[in-house]
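The lines below spell out each chain.
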Amino acid sequence: MSGEVLNEQDGNGTVNRVIRMGTRKSQLARIQTDYVAEKLKALYPDVHLEIVPMSTIGDKILDTALSKIGEKSLFTKELENALERNEVDLVVHSLKDLPTTLPNGFTIGAVLQRESPHDAVVLHPRNSGLTLDTLPDGSVIGTSSLRRAAQLKKRFPHLEFKDIRGNLNTRLKKLDEKEDYAAIILAAAGLKRMGWEARVSQVLGPEDCMYAVGQGALAVEVRARDCDILQMVSTLHHSETVLRCIAERAFLRRLEGGCSVPVAVNTEVKDSVLSLTGAVYSLDGADSLKETMETSVDPGNKVEESADIQHVGVTAHNVPQCAQVAAEKLGVDLADLLLSKGAMEILTTARKLNDAR
């Protein structure tokens, strides 16, 4: 039967459900999946969770910058294939790896409370105590993110930026064991989850480097038709993170951005007001457009029926629909504002230049 969940009988004849969780094989992916598994186990002690690790295209192609491979689902496609074939029941992702349009039949059933969404500077040990401002002229910074490079080139013109690929362990090894890089830029959330906060010498605030859409948040992807699994994982949703990430994803989807264009965001919720700052950049950071808009996400006294409505791929029954609609509209409206000021020209040029590199 499609969407069937395995059942096992224990010695007492009790039927225990087995839920198979798909994950990438990297150490960080496993840590993130174990974290979600622990949360589910605490809520549903009778469920048996089986973790199924697998490799993705992004894990296999390690000698090419992500933006050059031109595939939006680099770290998700194989996992989704397993979900489609019923080999797993849910998949744990870093939300920023998930395209803003999901394949038919899939939905994001949970967006967990966000870790810091900011980027962090990790210095080569010889540069201990320095910052991006105080590193010597011509120092080489490793990042394969066009978004990070575009913003930091503009902000720190005395530095040079070069691609660096590989998972977190590989990139740290490349930094420490060679003399190629003075520092590398990584997501603060990944470093924290790996227990490597001690390596963070500087966290970059929005004035230096705005973050990627969905950065710092974990997402659980499920088959949209599996109502029981969807119901189970929905308890992991964190309302504020859901609303921020819906706005961010709607902004990116309207701009048709992906790995191959420099798009950055900053969101916050304060007193039931969601504010979104979004920006697009040329590859060298010289051209940019940046605007901020806000909207109320206060549901007031409205009583709503639970609806199976997806907002940029997210299904969140336990977050007020009116707030989700407002968050999605905010993202679209901000993108439209940037598009009216010439964002598409900046992004098209960036894409062409990146393809020609």
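Let me sum up the structure you'll find in this document. Since this is a predicted model, take the numbers as computed values, not measurements. (Residues numbered from 1 in each chain as written. Predicted model: local features only at pLDDT ≥ 70, side-chain atom pairs only at ≥ 80, totals over all residues. Heavy atoms only, no water.)

Before going further, it helps to examine the packing of helix H9 (residues 239-255) against helix H10 (residues 321-340). Where H9 contacts H10, the axes come no closer than 7 Å and their chain directions differ by 35 degrees. The element H9 and its partner H10 pack so that their crossing is right-handed. Touching Leu-243, Ile-246, Ala-247, Ala-250, Phe-251, Arg-253, Arg-254 and Leu-255 of H9 are Ala-323, Gln-324, Ala-327, Glu-328, Leu-330, Gly-331, Val-332, Leu-334, Ala-335, Asp-336, Leu-338 and Leu-339, all from H10. The class makeup of the residues in the contact of H9 with H10 is 14 nonpolar, 2 polar and 4 charged. (Axes fitted to C-alpha atoms, helices over the stretch in contact; angles between N-to-C directions. Helix = DSSP H or I, 4+ residues; strand = E, 2+ residues; numbered from the N terminus. Left-handed = near helix turned anticlockwise from the far one by under 90°. Contact = heavy atoms within 4.5 Å. Nonpolar A, V, L, I, M, F, W, Y, C, P; charged D, E, K, R; others polar.)

Per the counting criterion, the structure on display carries 19 salt bridges. We note a salt bridge from Arg-20 to Asp-89, for which the minimum N-O separation is 3.1 Å. With Arg-20 in strand E2 (residues 15-24) and Asp-89 in the loop between helix H4 (77-84) and strand E4 (90-94), this residue pair connects regions lying 69 residues apart in the sequence. For Asp-89, a relative accessible area of 0% gives the class buried. Between Arg-254 and Asp-336 there is a salt bridge, with the nearest N and O atoms lying 2.9 Å from each other. With a gap of 82 residues between them, Arg-254 in helix H9 and Asp-336 in helix H10 connect regions that are remote in the sequence. The exposure class assigned to Asp-336 is partly exposed, which follows from its relative accessible area of 28%. Look at the salt bridges and you will find they share partners, linking Arg-20, Asp-89, Arg-223 and Asp-226 into a network. (Salt bridge = Lys/Arg side-chain N within 4 Å of Asp/Glu carboxyl O. Buried < 20%, exposed > 50% of the residue type's maximum accessible area, 1.4 Å probe, protein only.)

Here we come to the nonpolar core. Judged by nonpolar contacts, the single largest core of 40 residues is most densely connected at Leu-95, Ile-108, Val-111, Phe-251, Leu-255, Val-263 and Val-280. Counting residues per element, the ones that place at least two in this core are strand E5 (106-111), H9, strand E12 (263-270), strand E13 (273-281), H10 and helix H11 (343-356). Here this core takes 9 residues from H9, the largest share from any one element. Among all residues touching Leu-95, those that are not within four sequence positions of it are Ile-108, Val-111, Gly-214, Ala-217, Leu-218, Ala-219, Cys-245 and Arg-249. Listed in part, the 18 residues of the second largest apolar core include Ala-37, Leu-40, Val-47 and Val-92. (Core = buried A, V, L, I, M, F, W, Y, C linked by side-chain atoms within 4.5 Å.)

The next thing to look at is unusual backbone geometry. A positive phi is found at Asn-86, a non-glycine position, where the angle reads about 65 degrees. Residue placement: Asn-86 occurs in the loop between H4 and E4. With a phi angle near 40 degrees, Val-312 is a residue other than glycine that sits in the positive phi range. Topologically, Val-312 is positioned in the loop between strand E14 (288-296) and H10.

The next thing to look at is the sheet that holds E12. Strand pairing in a sheet takes place through backbone hydrogen bonds and is either antiparallel or parallel in direction. On the basis of which strands lie adjacent, the open sheet formed by 3 strands has the order E12-E13-E14 and antiparallel pairing. Strands at the two margins of the open sheet, each flanked by one partner only, are E12 and E14. Going from strand to strand, the sheet's axes swing by 10 degrees on average, the running direction of each strand aside. The pairing of E12 with E13 spans 8 bridges and is antiparallel. Bridging across to E13, Asn-266 finds its partner in Thr-277. Contacts between H11 and the sheet are confined to E12, E13 and E14, with E13 contributing the most and set at about 50 degrees to the helix. (Pairing = 2+ DSSP bridges.)

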